[in-house]
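Understanding the architecture of this molecule
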Amino acid sequence: MYDERLSAPAAMWLLPVGSGISFMLVFVIFGPIPGLLGLVIGGAAAAMLVSSYGSPRIRVVQGQLVAGDARIPVSALGTAEVLDKEAAFTWRTAKADARAFMLLRGYIPTAVRIPVTDPEDPTPYLYLSTRTPERLAQVLASAKAETVPAA
């Protein structure tokens, strides 16, 4: 129904290049081969870090919201609130609750805030950074409507 990867922006991929060059400059004093190894290994290690930081996914499948490592049935969620840039900033700073689950990426300005309605769950809400908050809220509403049994 919905699948989004919170991939790192293109500018962030300049970090592995700079890291590789830095490692090369450190190891080039030992010779050209160690310098080349420093370039390759330093760049590859930094690329793995950037890739892992940008790897979380938000998915709505089979009546569940999967956000990063969290899985929660849509029946345990309230109505998603779409947050624009200013509201998202407020909810991740001044209004933030330490008990909330936050899948937060600073390079994504918009988000959704979804109240958790399950009384057994101590998490008050989910804060999810997303590039398409309206679509995610729409899909969650549709998924919740499908899971509610007809009376």
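Residues numbered from 1 in each chain as written. Predicted model: local features only at pLDDT ≥ 70, side-chain atom pairs only at ≥ 80, totals over all residues. Heavy atoms only, no water.

Overview of the pairing of strand β8 (residues 125-129)
In plain terms, the rule: Categorising residues by exposure relies on relative accessible area from a 1.4 Å probe, with only protein chains included: less than 20% of the type maximum marks a residue as buried, more than 50% marks it as exposed, and the intermediate range marks it as partly exposed. Helix numbers and strand numbers start at the N terminus; a helix is a DSSP run of H or I with at least 4 residues, a strand a run of E with at least 2. One requirement defines pairing of two strands: DSSP has to find at least two bridges between them.
Of all five residues in β8, five are buried; the element is thus mostly enclosed. Neither face of β8 is left uncovered, since the one carrying Y125, Y127 and S129 and the one carrying L126 and L128 both have all their residues buried. Two elements, strand β6 (residues 101-103) and β8, share three bridges in a ladder whose sense is parallel. Counterpart to M102 in the pairing with β8 is Y127. Where strand β7 (residues 111-115) and β8 come together, five bridges link them in antiparallel fashion.

With respect to the packing of helix α1 (residues 14-27) against helix α2 (residues 32-53)
Worth spelling out the cut-off: Each axis is a line fitted through C-alpha atoms, and for a helix only the stretch in contact is used; angles between axes span 0 to 180 degrees, taken between their N-to-C directions. With respect to orientation, any angle under 35 degrees is reported as roughly parallel, any angle over 145 as roughly antiparallel, any angle of 65 to 115 as roughly perpendicular, and every other angle as oblique. For a crossing to be left-handed, the near helix must be turned anticlockwise from the far one by less than a right angle; the clockwise case is right-handed. When checking whether two residues touch, look at their non-hydrogen atoms; a contact exists if any pair is within 4.5 Å.
Remark: α1 packs on α2, axes separated minimally by 7 Å, with the N-to-C direction vectors making an angle of 150°. The angle between the axes of α1 and α2 places the two elements in the roughly antiparallel class. Here the hand of the crossing between α1 and α2 comes out right-handed. Mapping the contact onto sequence places P16, S19, G20, I21, F23, M24 and F27 in α1 and P34, G35, G38, L39, G42, G43, A46, A47 and V50 in α2.

Some words on the packing of aromatic side chains
Quick reminder of the rule: To pair, rings of Phe, Tyr and Trp, with the six-membered ring standing in for Trp, must have centres within 6.5 Å; the planes then decide the type, stacked if under 30 degrees apart, edge-to-face if over 60, and tilted in the middle. Ring-over charges, as used throughout, are those where CZ of Arg or NZ of Lys falls within 6 Å of the ring centre and within 35 degrees of the ring normal.
Using the criterion set out here, one finds four aromatic pairs in the structure. Summarising the aromatic geometry, the rings of Y53 and Y107 are spaced 5.9 Å apart at their centres and angled 65° between planes, so their arrangement reads as edge-to-face. Here the residue Y53 occupies a position in helix α2, and Y107 occupies one in the loop between β6 and β7, the gap between them amounting to 54 residues. Both rings, one in W91 and one in Y125, keep their centres 5.5 Å apart while their planes meet at 75°; by these two values the pair is edge-to-face. Pair noted here: W91 is in helix α3 (residues 85-92) and Y125 is in strand β8, with a separation of 34 residues, a long-range link. As far as burial versus exposure is concerned, W91 and Y125 are alike and both buried. What links up through ring pairs into an aromatic cluster is the set F23, F27 and F30. R113 extends its terminal NZ or CZ atom over the ring of W91, reaching a point 4.2 Å from the ring centre. Its guanidinium or amino end placed over the ring of Y125, R113 lies 5.2 Å from that ring's centre, counting from NZ or CZ.

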